[in-house]
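Descriptive analysis of the structure
Given next are the chains, with one letter for each unit.
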Amino acid sequence: MGINPTSTRFPALIVLNPNSGKKQAREALETVVQPALEKAGIPFRAIESLQQGHIQSYFQENIQPILVDLVQSLSSVSSDGASVVPPSSATLQVIILGGDGSVHEVVNGILRGVEGTEFVSEAFRPKVEFSVIPLGTGNSIATSLGIKDVRDALDRFIAGKTVPLRLISVATRSQKGSSDLGPWKTLVYTVVVNSYGLHCATVYDSEEFRHLGNERFRQAAMKNIETLKQYEGQLTLHGPGQRYDQTSRTLVQYGQNLDAKAVATSLDGPFTYLLITKQASLEPGFTPTPFASTSDEWMDVLVVQNVGQQDILNLFGSTSDGSHVDQKIVEYYKSKLIELETPEKARLCVDGEFLDIQGGPQGRVQFEVTEDPNLLLFSVYT
Ligand SMILES: Nc1ncnc2c1ncn2[C@@H]1O[C@H](COP(=O)(O)OP(=O)(O)OP(=O)(O)O)[C@@H](O)[C@H]1O
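Residues numbered from 1 in each chain as written. Predicted model: local features only at pLDDT ≥ 70, side-chain atom pairs only at ≥ 80, totals over all residues. Heavy atoms only, no water.

Where an unreviewed UniProt entry is consulted, the protein chain appears under the name DAGKc domain-containing protein, with the organism given as Lunasporangiospora selenospora.

This is the structure we're talking about:
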């Protein structure tokens, strides 16, 4: 697979995960994506993920050379011929044939690859535009953007409309080998969902049912509901925010005069189900945080504290249309800064990966919406 030799346009980078979803990405590339891009005259080159983590390490190692090539392709020679004029802006297009885990790997690889370099600066902020072709299992980002299938995603890429892709930084203060609490340090950026409790346990157990496609989440959820556990912890929401009011059925503002870091609300658990999301739907037909937006400045928080099996089954029975937000057991917030502390060591789920945290202040985790971390301008075709 190579660059279309007739075009001078910088090639879009296709990232293909052969293991995503029902393992159809390679076939989709050959039968749908490649012909459509060639027909539209869009040059591309493709890389295939060879193993878990490969996409992330590829971008971590290669994003700088890729951006250098991009800048060179856009540079011009000054009118007197004496110097090369760099472009004032540059856009890298990345087409992802895979699921949300693949998007997560690309984003984190790019961010690690430019971290601490002077290549990207206030004066030069490259744009990175993602076309998410839904070939995974949940396809949360594509579903939340209303993208129906591979063809629809491609049509939207070719049409060229994008919206910002905001991320959540997940940070801790624990220092390796020290009991001191250092400054917050981002461990990972998430694009879809962070969770604690039943959702995290479900995602963890769903790996053994991967061969079942979407059904794997249902199987793992039923297994965990049968032995439903409660998860101890304290969740704090900081600064001004919004809360879903079940009486007026609207989002209402709170804490308007608060400092961004001040605690506005503290929830003491135990938690049955806790989601912090950036997408409305986590898979087609499952919309647990219906007010979430890929592009807004909020994280959406769905909290269910200390309930039993029947309540959880009722909840899941209403998540397809989002009407569960009116159930008494549900608390729903929009916040920009959140912290979670657990009394004992615990497992969190961050975009399908797992983060094992220590108990107490050492393991306290902070979630914050970040716009354009490391000065990169991320957006997604919609
Ligand atoms: N060549 C490979 N062989 C095996 N696993 C791989 C390979 N390349 C990537 N992976 C792993 O495949 C997993 C699934 O990827 P991805 O998230 O894209 O699809 P999914 O889980 O089916 O979809 P979704 O996240 O939308 O539910 C990820 O954990 C990723 O690291």
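1. Overview of the overall build of the protein chain
Assigned secondary structure in the protein chain consists of eight helices and 22 strands. Expected size for 382 residues packed as a compact globule is a radius of gyration near 21 Å; at 22 Å, the protein chain falls within 12% of this value. When the backbone C-alpha atoms are referred to their principal axes, the protein chain occupies close to 70 × 45 × 45 Å. Within the protein chain, residue pairs in contact and separated by at least 24 positions form 73% of the contacts whose partners lie at least 6 positions apart. Within the structure as shown, the protein chain displays about 17100 Å² of accessible surface, and the carbon and sulfur contribution to it stands at 48%. Taken together, the 32 basic and 43 acidic charged side chains of the protein chain have centroids lying 2 Å from each other. (Helix = DSSP H or I, 4+ residues; strand = E, 2+ residues; numbered from the N terminus. Rg over C-alpha atoms; globule rule 2.2 N^0.38 Å. Contact = heavy atoms within 4.5 Å. Areas by Shrake-Rupley, 256 points an atom, 1.4 Å probe, with all protein chains shown as cover. Lys, Arg positive; Asp, Glu negative; His and termini not counted. Charge placed at Lys NZ, Arg CZ, Asp CG, Glu CD.)

2. Regarding the site of the ligand
In the vicinity of the ligand lie 22 residues, with Gly21, Ser49, Ser102, Glu105 and Thr137 positioned nearest. Contact between the ligand and arginine 216: an oxygen atom at 3.2 Å from a side-chain N or O atom of the residue. Contact with the protein chains removes 83% of the 640 Å² of surface that the ligand exposes when unbound. The element best represented in the shell around the ligand is helix α3 (residues 100-114), accounting for four residues. Within the shell around the ligand, the residues separate by chemical class into two nonpolar, 16 polar and four charged. (Near = heavy atom within 4 Å. Polar contact = N/O pair within 3.5 Å; in protein donor to acceptor, adjacent residues only side chain to side chain. Nonpolar A, V, L, I, M, F, W, Y, C, P; charged D, E, K, R; others polar.)

3. Structural notes on the sheet that holds strand β13 (residues 250-254)
Strand order in the open sheet formed by eight strands is β13-β12-β17-β16-β15-β10-β19-β20, with antiparallel pairing between adjacent strands. Of all the strands in the sheet, just β13 and β20 (353-357) have a single pairing partner and so form its edges. This sheet shows a mean twist of 25° between the axes of neighbouring strands, independent of strand direction. Two elements, strand β16 (residues 299-305) and strand β17 (residues 330-335), share six bridges in a ladder whose sense is antiparallel. Across the sheet, residue valine 304 finds its bridge partner in β17, namely valine 330. Of the strands in this sheet, β10 (193-197), β15 (271-277), β19 (346-350) and β20 touch helix α6 (residues 198-206), which is tilted by about 105° from β10. Contacts between helix α8 (residues 309-316) and the sheet are confined to β15, β16 and β17, with β15 contributing the most and set at about 30° to the helix. (Pairing = 2+ DSSP bridges. Axes fitted to C-alpha atoms, helices over the stretch in contact; angles between N-to-C directions.)

4. Describing helix α2 (residues 54-74)
With 21 residues, α2 should reach 30 Å at 1.5 Å per residue; the first-to-last C-alpha distance of 29 Å fits that figure. The principal kink in α2, of about 55°, is found at asparagine 62, preceding the proline proline 65 by one to four residues. Among all positions of α2, only His54, Ile55, Gln56, Tyr58, Phe59, Ile63, Ile66, Leu67, Leu70 and Val71 are buried. (Expected span 1.5 Å × (residues − 1). Bend = angle between axes of the 7 residues up to and from the residue. Buried < 20%, exposed > 50% of the residue type's maximum accessible area, 1.4 Å probe, protein only.)

5. Section: the packing of aromatic side chains
On inspection of all chains with the given rule, the structure shows 10 aromatic pairs. Plain terms: the ring middles of phenylalanine 286 and phenylalanine 316 are 6.1 Å apart, the flat faces sit at 70° to each other, and that makes the pair edge-to-face. Of this pair, phenylalanine 286 sits in the loop between β15 and β16 while phenylalanine 316 is found in helix α8, placing the two residues 30 residues apart along the sequence. Each residue in the set Tyr244, Phe291 and Tyr332 is aromatic and connected to the rest through ring pairs, giving one cluster. (Phe/Tyr/Trp six-rings, centres within 6.5 Å; stacked < 30°, edge-to-face > 60°.)

6. Here we look at helix α7 (residues 215-226)
Over its 12 residues, α7 extends 17 Å from the first C-alpha to the last, a length consistent with the 16 Å expected when each residue adds 1.5 Å. Burial in α7 covers these residues: Arg216, Phe217, Ala220, Ala221, Asn224 and Ile225. Looking straight down α7, one finds that the buried residues subtend no more than 160° of arc, so they occupy a single side. Close packing links the buried residues of α7 with α6 and α8. (Arc of directions from axis to C-beta.)

7. Focus: the sheet that holds strand β9 (residues 181-190)
The strand order across the open sheet built from six strands is β9-β8-β21-β18-β11-β14, with neighbouring strands paired in antiparallel fashion. On the outer flanks of this sheet lie β9 and β14 (263-267), each paired with one strand and no other. Between one strand axis and the next, the sheet turns by 25° as a mean value, whatever way the strands run. Sheet topology note: the strand β18 (residues 337-341)/strand β21 (residues 365-370) ladder contains four bridges and is antiparallel. Within β21, the position partnered with leucine 340 by the bridge is valine 365.

8. Some remarks on the pattern of salt bridges
Inspection of the entire model under this criterion finds 17 salt bridges. The closest approach of N and O atoms between glutamate 48 and arginine 26, which form a salt bridge, is 2.4 Å. Linking glutamate 48 in strand β2 (residues 44-48) with arginine 26 in helix α1 (residues 25-39), this pair joins segments that are 22 residues apart in sequence. Judged by its relative accessible area of 26%, glutamate 48 falls in the partly exposed class. For arginine 216, the salt bridge goes to glutamate 207, with nearest N and O atoms at 3.5 Å. You can call arginine 216 buried: its relative accessible area is 7%. Shared partners join several salt bridges into a network, and the residues in it are Lys278, Asp296, Asp300 and Lys334. (Salt bridge = Lys/Arg side-chain N within 4 Å of Asp/Glu carboxyl O.)

9. Concerning the domain arrangement of the protein chain
For the protein chain, the assigned domains are domain 1 (12-160) and domain 2 (168-370). For domain 1 and domain 2, the distance between their C-alpha centroids amounts to 29 Å. Facing 16 residues of domain 1, the contacting portion of domain 2 comprises 21 residues. Summing the contributions of domain 1 and of domain 2, the shared interface buries around 1400 Å²; its carbon and sulfur component is 57%. (Domains from an automatic or database assignment. Buried area = accessible area lost by both parts, 1.4 Å probe.)

10. Considerations on the pairing of strand β1 (residues 12-16)
When you tally the buried positions in β1, you get five out of five residues, the bulk of the element. Neither face of β1 is left uncovered, since the one carrying Ala12, Ile14 and Leu16 and the one carrying Leu13 and Val15 both have all their residues buried. Sheet analysis places β1 next to β2, joined by five bridges and oriented parallel. Residue pairing for β2: leucine 16 is matched across the bridge by glutamate 48. Relative to strand β5 (residues 91-98), β1 is paired through four bridges, and the arrangement is parallel. The partner of leucine 16 across the bridge, within β5, is leucine 97.

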